[in-house]
Amino acid sequence: WSVADVWIKEAHGIARSVAEWMTTGAPEIDPSGSDIARFYDHHKTRRHIHARTRESYNKTYGIVHPREQYSSNRRVRLSPFYEQERALGAVFFETAGWERPQWYDANAGLLDEYGERVLPRRDEWDARWWSPIINAEHLALRERVGMVDLSAFAIFDITSPKESAAALDYIQKMAVAQMDVPVGRVVYTPLLNPAGGIKADLTIMRLAEHHFRVVTGGADGMRDKKWFADHLPADGSVQLSDVTSAWATLGVWGPRARDLVQAATADDMSHAAFPFATCRWVHFGPIPALASRISYVGELGWEIYVPFEQGARLWEILWAAGQPLGVVPVGIGVYGTTARLEKCYRAYGNELEQEYNLVETGLARRSVKPQDFIGKEAYLQQRAGEPAATLCTLTVDDHTSRSGFKRYMMGREPILTASGEPIVDSHGRRSYVTSAGAGPSVGKHILMSFLPPAYAKVGTKLLVEYFAEQYPVTVAVVGATPLFDPENLRMKG
């Protein structure tokens with residue numbers, strides 16, 4: 001255990017949280033943001049620590065924009081697509097040391113194509129560390145096809161000897177979802193702590209009878225790796241390997257995604273041959289790649305995993321195949337915000353955390369698997385009771401401020417009653433914006449928030465407070481039903 005560098009005003013709360021963590025394994029307040037396990041090796045180097053502590057001093061005492069990026073010790077982790085992205089004018093944001101394109105200046109011409117549909121922001125603060133190009137990329141992906149660099153994923157292989165069922169038994173204990181699935185299936189699943197709080201949110205591919213591959217977010221990679229490592233069988237019957245640096249990942253999505261990948265391979269990419277939530281090996285020219293048909297943007301397409309040293313060639317092949325189809329490079333501004341929010345998808349660290357449970361987030365499954373898993377007893381109790389709050393999707397009715405400018409929330413703002421009063425659930429948790437961003441395809445600015453049952457009703461009129469002004473919002477969705485393409489026809493067709 002390490003409890004260090006705690007300011008005096010936080011010391012009492014940290015002490016209580018750590019005591020709960022040490023004794024029950026489930027603190028009342030989610031400690032993920034302070035968990036020392038979150039650091040990668042490059043974070044622990046003397047160079048990185050000195051650079052970031054010098055830069056952090058002004059960020060501690062100054063006014064820091066929510067999207068503001070660190071400038072020190074950058075370019076530590078580069079995907080094999082980095083040079084192609086830089087040539088396309090990528091604007092890079094950092095995640096766990098990775099340089100990730102947030103948008104591409106090469107797509108500036110899309111602004112004229114889509115006009116006011118890109119929902120431009122004229123207030124300087126709202127538009128800082130942001131570009132309307134994000135929304136233009138979003139619309140282009142929805143209408144044709146886009147390529148997204150996902151190499152920041154953390155990837156772990158879980159294996160056991162061929163004569164043993166230890167890998168399956170272990171992964172069943174860790175995951176909420178049923179993991180005894182056919183080889184080639186892709187499973188989305190949360191992981192829980194003993195109290196039923198959400199510990200992780202990830203996908204698992206079954207690559208062989210005794211081989212499972214875990215894919216999780218880069219920012220969550222080391223915390224999730226420790227959670228898996230801490231629960232390995234003591235007899236050594238299961239092995240956990242971090243293979244993140246061996247694989248690069250390229251997402252291809254949009255209504256023309258199948259046309260693009262089919263033009264680059266002789267393998268059958270049809271729906272019948274390659275259904276949703278399955279994975280298999282595909283050859284793109286001379287490149288063998290593991291293709292996984294899932295989607296975090298709500299469109300037809302694949303995550304394509306390729307040996308790291310072959311990534312640049314894969315980009316060339318797919319980029320060339322996509323030219324007749326109008327392919328565009330698409331940044332994380334679409335993948336992580338606009339497309340995600342239109343589909344009402346949850347994100348770990350925003351909607352998903354240990355202070356809320358699967359029932360409240362709308363992710364409880366129709367049934368519970370018979371096998372035991374961490375947090376199962378608490379999960380069953382949560383399912384049997386009424387949720388104290390439900391995650392809802394809200395849309396802003398009027399953005400006009402007193403200054404006459406339209407303002408756009410960025411997240412963490414208070415949600416209030418129609419009369420301007422705070423909203424508090426039965427557990428004492430205030431309602432606030434967990435995620436915020438544009439929904440270009442629906443023409444709305446989208447917010448997500450946990451609301452008590454009295455307010456978690458479609459059509460409820462509420463307020464969001466932003467810079468001491470209150471703006472009217474409406475509850476558009478209660479639970480996990482997507483705002484855009486609610487029947488999920490686009491990605492499963």
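These notes cover the structure that comes with them. Only a predicted model underlies this, so the values are computations on that prediction, with no experimental measurement involved. (Residues numbered from 1 in each chain as written. Predicted model: local features only at pLDDT ≥ 70, side-chain atom pairs only at ≥ 80, totals over all residues. Heavy atoms only, no water.)

Topic: the overall build of the protein
Part 1 of the argument: The number of helices and strands found in the protein is 14 helices and 19 strands.
Part 2 of the argument: Its C-alpha radius of gyration of 22 Å places the protein within 12% of the 23 Å reference for a compact globule of 493 residues.
Part 3 of the argument: Projected onto its principal axes, the C-alpha coordinates of the protein cover approximately 60 × 60 × 50 Å.
Part 4 of the argument: Within the span of the protein, comprising 493 residues, buried residues form 56% of the whole.
Part 5 of the argument: Within the protein, residue pairs in contact and separated by at least 24 positions form 67% of the contacts whose partners lie at least 6 positions apart.
Part 6 of the argument: When the accessible surface of the protein is split by element, carbon and sulfur atoms take 54% of a total near 21200 Å².
Part 7 of the argument: Mean positive and mean negative side-chain charge positions of the protein (54 and 58 charges, respectively) differ by 1 Å. (Helix = DSSP H or I, 4+ residues; strand = E, 2+ residues; numbered from the N terminus. Rg over C-alpha atoms; globule rule 2.2 N^0.38 Å. Buried < 20%, exposed > 50% of the residue type's maximum accessible area, 1.4 Å probe, protein only. Contact = heavy atoms within 4.5 Å. Areas by Shrake-Rupley, 256 points an atom, 1.4 Å probe, with all protein chains shown as cover. Lys, Arg positive; Asp, Glu negative; His and termini not counted. Charge placed at Lys NZ, Arg CZ, Asp CG, Glu CD.)

What to know about the packing of aromatic side chains
Part 1 of the argument: Per the stated rule, a full pass over the model turns up 20 aromatic pairs.
Part 2 of the argument: Seen in terms of ring centroids, Phe-274 and Trp-302 are 5.7 Å apart; in terms of plane orientation they differ by 75°. Their pairing is edge-to-face. With Phe-274 in the loop between α9 (257-263) and β10 (279-284) and Trp-302 in strand β12 (residues 301-307), this residue pair connects regions lying 28 residues apart in the sequence. When sorted by exposure, Phe-274 lands in the same class as Trp-302, which is buried.
Part 3 of the argument: Taking the centre distance of 6.2 Å and the plane angle of 55° together, the rings of Phe-373 and Tyr-379 count as tilted.
Part 4 of the argument: Across the ring face of Tyr-70, the terminal group of Lys-59 is positioned such that the distance to the ring centre comes to 5.1 Å.
Part 5 of the argument: When the ring centre of Trp-130 is taken as origin, the NZ or CZ atom of Arg-121, which lies over that ring, is 4.0 Å away. (Phe/Tyr/Trp six-rings, centres within 6.5 Å; stacked < 30°, edge-to-face > 60°. Lys NZ or Arg CZ within 6 Å of the ring centre and 35° of its normal.)

Notes on the pattern of salt bridges
Part 1 of the argument: Within the structure shown, the criterion is met by 32 salt bridges.
Part 2 of the argument: Among the salt bridges present, the one from Arg-122 reaches Glu-116, with a minimum N-O distance of 3.6 Å. There is no split in this pair, since Arg-122 and Glu-116 are both exposed.
Part 3 of the argument: Measuring nitrogen to oxygen at the nearest pair gives 3.1 Å for the salt bridge that ties Glu-351 to Arg-340. In this pair, Glu-351 is assigned in the loop between α11 (332-342) and α12 (358-361) and Arg-340 in helix α11, connecting sequence segments 11 residues apart. Like Arg-340, Glu-351 is buried.
Part 4 of the argument: Members of the salt-bridge network, linked through shared partners, are Arg-142, Glu-299, Glu-342 and Arg-490. (Salt bridge = Lys/Arg side-chain N within 4 Å of Asp/Glu carboxyl O.)

Considerations on α11
Part 1 of the argument: Among the 11 residues in α11, 9 count as buried, and that is most of the element.
Part 2 of the argument: For α11, the complete set of buried residues consists of Ile-332, Gly-333, Val-334, Tyr-335, Thr-338, Ala-339, Arg-340, Leu-341 and Glu-342.
Part 3 of the argument: Of the residues trailing α11, Cys-344 is marked for its positive phi of about 60°.

Description of the sheet that holds β12
Part 1 of the argument: Strand order in the open sheet made by the 6 strands is β10-β11-β12-β9-β3-β13, with mixed pairing throughout. The open sheet terminates on both sides in strands that have one partner only, identified here as β10 and β13 (328-329).
Part 2 of the argument: Alignment of strand β3 (residues 146-149) against β13, held across 2 bridges, turns out to be parallel. Counted as the bridge partner of Gly-146 is Val-328 from β13. (Pairing = 2+ DSSP bridges.)

Topic: the pairing of strand β6 (residues 198-208)
Part 1 of the argument: With 9 of 11 residues buried, β6 lies mostly within the body of the structure.
Part 2 of the argument: Examined bridge by bridge, strand β5 (residues 186-192) and β6 share 7 bridges and lie antiparallel to one another. Each residue of the ladder has a partner; that of Leu-191, found in β6, is Ala-200.
Part 3 of the argument: Once β5 ends, the chain turns through 5 residues before running back antiparallel as β6, passing Gly-196 with a positive phi of about 85°.

A few points about the sheet that holds strand β8 (residues 239-242)
Part 1 of the argument: The strand order across the open sheet formed by 5 strands is β5-β6-β7-β4-β8, and the pairing between neighbours is antiparallel. What marks the edges here is a single partner per strand, and that holds for β5 and β8. Neighbour-to-neighbour, the strand axes of this sheet turn through a mean angle of 30°, independent of strand direction.
Part 2 of the argument: Pairing geometry for strand β4 (residues 154-159) and β8, over 4 bridges, is antiparallel. (Axes fitted to C-alpha atoms, helices over the stretch in contact; angles between N-to-C directions.)

Notes on the environment of Met-409
Part 1 of the argument: Within the secondary structure, Met-409 is located in the loop between β14 (390-396) and β15 (415-416).
Part 2 of the argument: What makes Met-409 buried here is its relative accessible area of 1%.
Part 3 of the argument: For the pair formed by Met-409 and Ala-438, sequence separation is 29 residues and the distance between their alpha carbons is 9.5 Å.
Part 4 of the argument: Those residues in contact with Met-409 that sit more than four places away from it in its chain are Val-396, Ala-436, His-445, Leu-447, Val-464, Tyr-466 and Tyr-471.

Quick look at unusual backbone geometry
Part 1 of the argument: In this model, Ala-96 sits at a positive phi of 55°, which is unusual for a non-glycine residue.
Part 2 of the argument: Along the polypeptide, Ala-96 turns up in the loop between β1 (90-95) and β2 (98-104).
Part 3 of the argument: By relative accessible area, which is 15% here, Ala-96 ends up buried.
Part 4 of the argument: Positioned with a positive phi, Leu-119 is a non-glycine residue whose angle comes to about 50°.
Part 5 of the argument: For Leu-119, the location among the structural elements is in the loop between α4 (110-114) and α5 (124-127).

Quick look at helix α8 (residues 221-230)
Part 1 of the argument: Every buried residue of α8 is accounted for by Gly-221, Met-222, Arg-223, Asp-224, Trp-227 and Phe-228.
Part 2 of the argument: Packed against the buried residues of α8 are β4, α7 (166-174), β5, β6, β7 (211-216) and β8.

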